[in-house]
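# Fold and geometry: a report
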Protein chains: 2
Amino acid sequence: MRSTVKDVAARAGVSPKTVSNVVNGLVPVSESTRAKVEAAIAELDYIPNLSARGLRNGRSGVIALALPDLGTPYSAEVAHQIVEVAHEQGWSVQLEETGHDPHRELDLVSKARANLIDGLILNPIALDVSAIRTGGNLPPVVMIGEVEQHQVDHVGVDNFSAARDMTLALAAGGRRRIAILGTTENRRTATANIRTMGYRQALDDLGIDHDPHLEIACDEWIPGGSARALGNYLRENQLPEAIFCFTDSLAIGALSVLHLEGHRVPQDVLIAGFDDIDHGQFAVPALTTISFDKRALAEEVMRLLRGRMADRKREPVQLTLPYQLISRASSAAH
Amino acid sequence: MRSTVKDVAARAGVSPKTVSNVVNGLVPVSESTRAKVEAAIAELDYIPNLSARGLRNGRSGVIALALPDLGTPYSAEVAHQIVEVAHEQGWSVQLEETGHDPHRELDLVSKARANLIDGLILNPIALDVSAIRTGGNLPPVVMIGEVEQHQVDHVGVDNFSAARDMTLALAAGGRRRIAILGTTENRRTATANIRTMGYRQALDDLGIDHDPHLEIACDEWIPGGSARALGNYLRENQLPEAIFCFTDSLAIGALSVLHLEGHRVPQDVLIAGFDDIDHGQFAVPALTTISFDKRALAEEVMRLLRGRMADRKREPVQLTLPYQLISRASSAAH
DNA sequence: TTGAAAGCGCTACCAA
DNA sequence: TTGGTAGCGCTTTCAA
């Protein structure tokens, strides 16, 4: 049988309250009592029951992280940073995949309200199906990724400008037939929309007519999806001069199919991605991309979340992280 | 103020126990009372407090998944499958990174014993620093990955045979100078050890003398680590005829540095990886690797974990999943 | 500085 | 089928 505060108290000859004081270390306890209690804890192998503590305190020490697709390298890097920062600050992280089922976001909000998690980090794909739309009684939540809303705290990068910058960079050598890969047809994603807007803005800045044939759709943001999409595209269309892929994973699929079809990167076509995942730098050729500090993202998210937990009524904060365009071989002018 | 069973009971004119029966749906409840209770729940926006339920039932509905390094694509794919299967079976997943700090494994065991998590899925790197060594009062735990132990349930693939098979496959065209990349010097990892053993066994089978210079060390199992390690190696050593990298991530770093140094894969050197991560298939050239069904891994792990939770005294089960050697362009004979 | 008692919200037990 | 009561293990009053 598991031992409880009572057992420890009896063994140490003190009251349960004193044991609690020793364990939590907030109230001063005399050295001799502390020693007795600690000895009893060790002898009985006492471990505080966190469910009981959670019930009593109304806090569980757990936050949840909800990402659209956990299987991708990008998710892994974000999860890694969040778990690390949360851990340093004494929180555990519960992981959820919200991908194709908006109910899972709602479940999470519900679970937060059920006191099993103290807060929520949410990366929705499309705002219109997002749980935060339910309004009303929200738990502490911070959103990441591309969402246009002002109801809850948010941390992200300026995707519009980043996409515009990348398009301009690809056009720098005089190229005009610049394609994008990753627009979404069967699902509406805020990320794809806003990056498309940035791209179109750049074309506009350059005085290049917008050609809808250069916006290549790809619903699955994984290498297999983009390899298929670009492969099909190339069977019926001329090779663009440059392709701005909406994520590095898409770009890796693109590099693969271009290699197989005998097109040289960057000689025949420039390629760029977005996210700066670890593997991108080691792609063949190394991938030009948009980078931002994922550790900083995690830190800001946790800072906002703690702030929100402390004051649920505070005005929503919108935080924009700096990004960097990293030029590598896949877009090297020659 | 949050409403409780009591509030709902009062509102519906029934007892708290009846509310509980309605919510949990285990005990039959008459249609009319059920309707009343459900109406009261809706009106009061009642949500059961999971901490209280956890305290009462002794179970939280949460399991923990501990991986050495969450930032890698491999971790992402494993986490994805575990979260999906666990979710289907009604569990939430807490994520932990145990990487370079054995204390984090111990913390987890402790947390499991503290009733905040019902079970533990553990992928230790080196058994000798693993929490399960503490013996005694373990929570339900299933280990994954390469560990030689028989104290707890385990699911993995036969790494020795897989490494031997891969080495033999690389040698099939008559190559004899076959290197491995990923042996570890500064930390002892069971995975590296057992794959090295399989490699040596294959050389023995082939009658090839074992050359320690062909065992290239790389402590960091990420592309950056292997690019650096192989880059340094090539400055002082002849290019091997084939390199068996201990993970796909290592192989991707190797492909990158070989490309930059002007070595052609597979013409000048064959490359193979291990794990079959999604990006490997789209590497340039596509990566030969060892594959296993990660969904099946997740299912077996959850099956064992549930079994262990039901019967903590059952004999430890060791489960071996089938693997497959997938030949792609990076090792194509020519 | 320490103790006693009450209660967080839920469900299991026993009764009706 | 439903109700009353007790208690999971902890911490927070209030007193001593």
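What counts, and where the lines are drawn
Residues numbered from 1 in each chain as written. Chains lettered and ligands numbered in written order. Predicted model: local features only at pLDDT ≥ 70, side-chain atom pairs only at ≥ 80, totals over all residues. Heavy atoms only, no water. Helix = DSSP H or I, 4+ residues; strand = E, 2+ residues; numbered from the N terminus. Rg over C-alpha atoms; globule rule 2.2 N^0.38 Å. Buried < 20%, exposed > 50% of the residue type's maximum accessible area, 1.4 Å probe, protein only. Areas by Shrake-Rupley, 256 points an atom, 1.4 Å probe, with all protein chains shown as cover. Lys, Arg positive; Asp, Glu negative; His and termini not counted. Charge placed at Lys NZ, Arg CZ, Asp CG, Glu CD. Pairing = 2+ DSSP bridges. Near = heavy atom within 4 Å. Polar contact = N/O pair within 3.5 Å; in protein donor to acceptor, adjacent residues only side chain to side chain. Nonpolar A, V, L, I, M, F, W, Y, C, P; charged D, E, K, R; others polar. Axes fitted to C-alpha atoms, helices over the stretch in contact; angles between N-to-C directions. Contact = heavy atoms within 4.5 Å. Buried area = accessible area lost by both parts, 1.4 Å probe. Salt bridge = Lys/Arg side-chain N within 4 Å of Asp/Glu carboxyl O. Parallel < 35°, antiparallel > 145°, perpendicular 65-115°, else oblique. Left-handed = near helix turned anticlockwise from the far one by under 90°. Least-squares fit on C-alpha atoms with pLDDT ≥ 70 in both. UniProt positions renumbered as here; feature names shortened; annotations may be inferred. Phe/Tyr/Trp six-rings, centres within 6.5 Å; stacked < 30°, edge-to-face > 60°. Lys NZ or Arg CZ within 6 Å of the ring centre and 35° of its normal.

Attention shifts here to the overall build of chain A. Broken down by element type, chain A carries 11 helices and 12 strands. By the compact-globule yardstick of 20 Å for 334 residues, chain A is too spread out, its C-alpha radius of gyration being 25 Å. Here the C-alpha coordinates of chain A stretch approximately 85 × 40 × 30 Å along the principal axes. Taking all 334 residues of chain A together, 57% fall into the buried category. Summed over all atoms, the accessible surface of chain A reaches about 14200 Å², with 49% contributed by carbon and sulfur. Considering chain A, the positive charge centre built from 33 side chains and the negative charge centre built from 42 side chains are found 8 Å apart.

So, about the pairing of strand β3 (residues 119-122) of chain A. Within a regular beta strand, the side chains point alternately toward one face of the sheet and then the other, so they alternate between its two faces. Residues and elements named next belong to chain A. Of the two faces of β3, the one lined by Gly-119 and Ile-121 and the one lined by Leu-120 and Leu-122 are each fully buried. Pairing between β3 and strand β4 (residues 141-144): 3 bridges, direction parallel. When the sheet's bridge partners are listed, Leu-122 is paired in β4 with Met-143.

Taken together, 25 residues form the shell around DNA strand C, and within it Ser15(A), Thr18(A), Thr33(A), Val5(B) and Tyr46(B) come nearest. Counting only the atoms of DNA strand C within 4 Å of the protein, the fraction contributed by sugar and phosphate is 73%. With respect to DNA strand C, the backbone of Asn49(B) contributes an N or O atom lying 2.9 Å from a phosphate oxygen. Among the secondary structure elements, those contributing two or more residues to the surface near DNA strand C are α2 (16-24) and α4 (50-57) of chain A together with α2 (16-24) and α4 (50-57) of chain B. Ranked by the residues each element gives to the surface near DNA strand C, the list is headed by α4(B), at 5 residues. Along the lines of polarity and charge, the residues of the surface near DNA strand C split into 10 nonpolar, 10 polar and 5 charged.

Moving on, we come to the sheet that holds strand β9 (residues 270-272) of chain B. In any sheet, the strands associate via hydrogen bonds between backbone groups, in a parallel or an antiparallel arrangement. Residues and elements named next belong to chain B. Here 4 strands make up an open sheet; going across it, the order is β7-β6-β8-β9 and the pairing parallel. One side of each edge strand has no neighbouring strand; the edge strands of this open sheet are β7 (215-217) and β9. Taking the axes of each pair of neighbouring strands and ignoring which way they run, one obtains an average angle of 20° across the sheet. Sheet topology note: the strand β6 (residues 178-183)/strand β8 (residues 242-245) ladder contains 4 bridges and is parallel. Residue pairing for β8: Leu-181 is matched across the bridge by Cys-245. This element, helix α7 (residues 159-171), spans β6, β8 and β9 of the sheet and lies at about 160° to β8. Sheet strands touched by helix α8 (residues 190-206): β6 and β7. Its angle to β6, the strand with the most contacts, is close to 170°.

Our focus in this paragraph is the interface of chain B and chain A. Every contact between the two is made by 54 residues of chain B and, on the other side, 54 residues of chain A. Here chain B meets chain A over a buried area of about 4700 Å², counting both sides, of which 61% is carbon and sulfur. For the chain B face of the interface with chain A, the top three residues by lost area are His279(B), Phe282(B) and Val284(B), together amounting to 15%. Run the count over chain B and chain A and you get 2 salt bridges. Measuring nitrogen to oxygen at the nearest pair gives 3.4 Å for the salt bridge that ties Arg104(A) to Glu84(B).

Our focus in this paragraph is the sheet that holds strand β2 (residues 92-97) of chain B. Spatially, the 12 strands line up as an open sheet ordered β11(A)-β5(A)-β4(A)-β3(A)-β1(A)-β2(A)-β2(B)-β1(B)-β3(B)-β4(B)-β5(B)-β11(B), and their pairing is mixed. Either end of the sheet is taken by a strand with one partner, and the two such strands are β11 (318-321) of chain A together with β11 (318-321) of chain B. Adjacent strand axes in the sheet meet at a mean angle of 20°, parallel and antiparallel pairs treated alike. Sitting on the sheet, helix α5 (residues 73-88) of chain A is in contact with β1 (62-67), β2 (92-97), β3 and β4 of chain A together with β2 of chain B, with an inclination near 80° to β2(B).

Residues and elements named next belong to chain A. Across the interface, α5 lies against helix α11 (residues 294-310) with an axial gap of 9 Å and an inter-helix angle of 50°. In terms of axis orientation, α5 runs oblique to α11. The way α5 lies across α11 gives a crossing that is right-handed. When α5 is examined against α11, the residues Tyr-74, Glu-77, Gln-81, Ile-82, Glu-84, Val-85, Ala-86 and Glu-88 are found in contact with a partner set consisting of Lys-294, Arg-295, Ala-298, Glu-299, Val-301 and Met-302. Class assignment for the residues of the contact of α5 with α11 results in 7 nonpolar, 1 polar and 6 charged.

After a rotation of 180° and a shift along the axis of 0.1 Å, chain B superposes on chain A with an RMSD of 0.1 Å. Viewed as a symmetry operation, the transformation between the two copies matches a two-fold axis. A symmetric contact is evident, with 100% of the interface residues of chain B recurring at the interface of chain A.

This part takes up the protein's contact with DNA strand D. Val5(A), Tyr46(A), Thr18(B), Ser30(B) and Thr33(B) are the nearest of the 26 residues found near DNA strand D. Near-protein atoms of DNA strand D (within 4 Å) split between backbone and bases, with sugar and phosphate holding 71%. When contributions to the surface near DNA strand D are tallied by element, the ones reaching two or more residues are α2 and α4 of chain A together with α2 and α4 of chain B. Class assignment of the residues belonging to the surface near DNA strand D gives a composition of 11 nonpolar, 10 polar and 5 charged.

Taken from the UniProt record, the annotation "domain: HTH lacI-type" (unreviewed entry) applies to residues 3-57 of chain A. A helix fraction of 71% and a strand fraction of 0% characterise residues 3-57 of chain A, whose end C-alpha atoms lie 20 Å from each other.

As a further point, take the environment of Gly13(B). All names here are of chain B. Residue position: Gly-13 is located in the loop between α1 (5-12) and α2. Overall, the relative accessible area of 60% leaves Gly-13 in the exposed class. Taking the C-alpha atoms as reference points, Gly-13 and Val-37, 24 residues apart in sequence, are found 8.4 Å from one another.

Inspection of every chain in the model, using the stated rule, returns 6 aromatic pairs over all chains. Here the aromatic rings of Trp221(A) and Phe246(A) are separated by 6.4 Å at their centres, their planes lie at 65°, and the arrangement is edge-to-face. One end of the pair, Trp221(A), is in the loop between β7 (215-217) and α9 (223-236); the other, Phe246(A), is in the loop between β8 (242-245) and α10 (248-261), and 25 residues separate them in sequence. Here Trp221(A) matches Phe246(A) in class, with each residue buried. Taken together, Trp221(A), Phe244(A), Phe246(A) and Phe274(A) form an aromatic cluster joined through their ring pairs. Cation over ring: Lys294(A) sits above Phe292(A), and NZ or CZ is 5.6 Å from the ring centre. The residue whose ring lies beneath Arg195(B) is Phe274(B), and the NZ or CZ to ring-centre distance is 3.5 Å.

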